[in-house]
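Fold and geometry: a report
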Amino acid sequence: TVGWEASLHLGNIFLDHKKLEEAKAAYEKSIEKAADRSQPHVGLGRYFLRTEKYAEALAEFEEGIRLDTENAEAYLGRGEALVSLNRLTEAEKSFAEAAAINEKVPTLQAKYGNLLWKLEKRAEAVEAFGKANEQDYKDIDSLWKKGAVEFQMQNYAAAMADLSNA
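A few points on the structure. (Residues numbered from 1 in each chain as written. Predicted model: local features only at pLDDT ≥ 70, side-chain atom pairs only at ≥ 80, totals over all residues. Heavy atoms only, no water.)

What about the side chain of E60?
Going by this rule: Secondary structure elements follow DSSP: runs of H or I no shorter than four residues count as helices, runs of E no shorter than two count as strands, and numbering proceeds from the N terminus. For each residue, the accessible area found with a 1.4 Å probe, counting protein chains only, is set against the maximum for its type, and the residue is called buried under 20%, exposed over 50%, and partly exposed in between. A residue counts as positive if it is Lys or Arg and as negative if it is Asp or Glu; His and the chain ends are not included. Throughout this description, the term salt bridge denotes a Lys or Arg side-chain nitrogen within 4 Å of a carboxyl oxygen of Asp or Glu. Contact definition: two residues touch when any of their heavy atoms are within 4.5 Å.
Its location among the elements puts E60 in helix 4 (residues 54-67). Among buried Asp, Glu, Lys and Arg side chains, E60 stands out as unpaired, with K24 the closest opposite charge at 9.4 Å. Contacts of E60, omitting those with residues within four sequence positions, involve I31, H41, L44, G45 and F48.

In structure tokens form, the structure reads like this:
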């Protein structure tokens, strides 16, 4: 039989290739084999996010956090689910918790910046977009948003520098 890690990896591959039902089945098999592990629940939560089942996604990410309070990806996923459920203050806290554990989780800073921008916390959004761009120099979208927020803050010189680099 295939171990829980292999099932998890297979689920990730299926999810990346938009084979959603196969991904769900692989994540569920991983959970069957290792119900006490956080990562399979995070995988299933990602599946539920992709299929827009946000309450179910939130439950899986919460379980992932319960099983491993140091799993930054679980906090990131919970934040994404909370944004989709329009629970923005809770989402902000979840993104901050993820960043406190590991601020370099892929896509965290860009998603955190988008939320902060939506909450009109412009200085914090600029910082998050800047971190996103530092982590991935190809993240033109974050650099553009950083410039746009700086422009809103009337920090025109910084905005022009960011936008000219985008």
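What to know about the packing of aromatic side chains
Heads up, the rule is: Think of it this way: a Phe, Tyr or Trp ring, Trp meaning its six-membered ring, pairs with another when their centres are within 6.5 Å, and the plane angle makes it stacked under 30 degrees, edge-to-face over 60, tilted otherwise.
One pass over the full model with this rule turns up two aromatic pairs. Ring geometry for F95 and Y112: centres 5.9 Å apart, planes at 55 degrees, overall tilted. Of this pair, F95 sits in helix 6 (residues 88-102) while Y112 sits in helix 7 (residues 108-118); the two residues are 17 residues apart in sequence, bridging distant segments of the chain. Residue Y112 is classed as buried on the basis of its relative accessible area, which comes to 14%.

Structural notes on helix 4
Short version of the rule: Each helix should span, by expectation, one fewer than its residue count multiplied by 1.5 Å. To obtain the arc, one takes the directions from the helix axis to the C-beta atoms.
The end-to-end C-alpha separation of helix 4 is 20 Å, in line with the 20 Å expected for 14 residues at 1.5 Å each. Those residues of helix 4 that sit buried are A57, L58, E60, F61, G64 and I65. The arc that holds every buried residue of helix 4, seen down its axis, measures 165 degrees, which confines them to one face. Facing away from the buried side of helix 4 by more than 90 degrees, the exposed set consists of A55 and R66. Against helix 2 (20-33), helix 3 (38-50) and helix 5 (72-84) lie the buried residues of helix 4.

Things to note about the packing of helix 2 against helix 3
The cut-off we apply is this: Note on definitions: angles span 0 to 180 degrees between N-to-C directions of axes, and those axes are lines fitted to C-alpha atoms, for helices only across the stretch in contact. By definition in this entry, angles of less than 35 degrees are roughly parallel, angles greater than 145 are roughly antiparallel, angles of 65 to 115 are roughly perpendicular, and the rest are oblique. Crossing handedness is defined as follows: a turn of the near helix away from the far one that is anticlockwise and smaller than a right angle gives a left-handed crossing, while the clockwise case is right-handed. Each residue is assigned to one class: nonpolar for Ala, Val, Leu, Ile, Met, Phe, Trp, Tyr, Cys and Pro, charged for Asp, Glu, Lys and Arg, and polar for all the others, Gly among them.
Remark: helix 2 packs on helix 3, axes separated minimally by 8 Å, with the N-to-C direction vectors making an angle of 155 degrees. The orientation of helix 2 relative to helix 3 falls into the category roughly antiparallel. For the pair helix 2 and helix 3, the crossing hand works out as left-handed. Across the interface between the two elements, L20, E21, K24, Y27, E28, S30 and I31 of helix 2 pack against P40, H41, G43, L44, R46, Y47 and R50 of helix 3. Residues that form the contact of helix 2 with helix 3 fall into these classes: six nonpolar, three polar and five charged.

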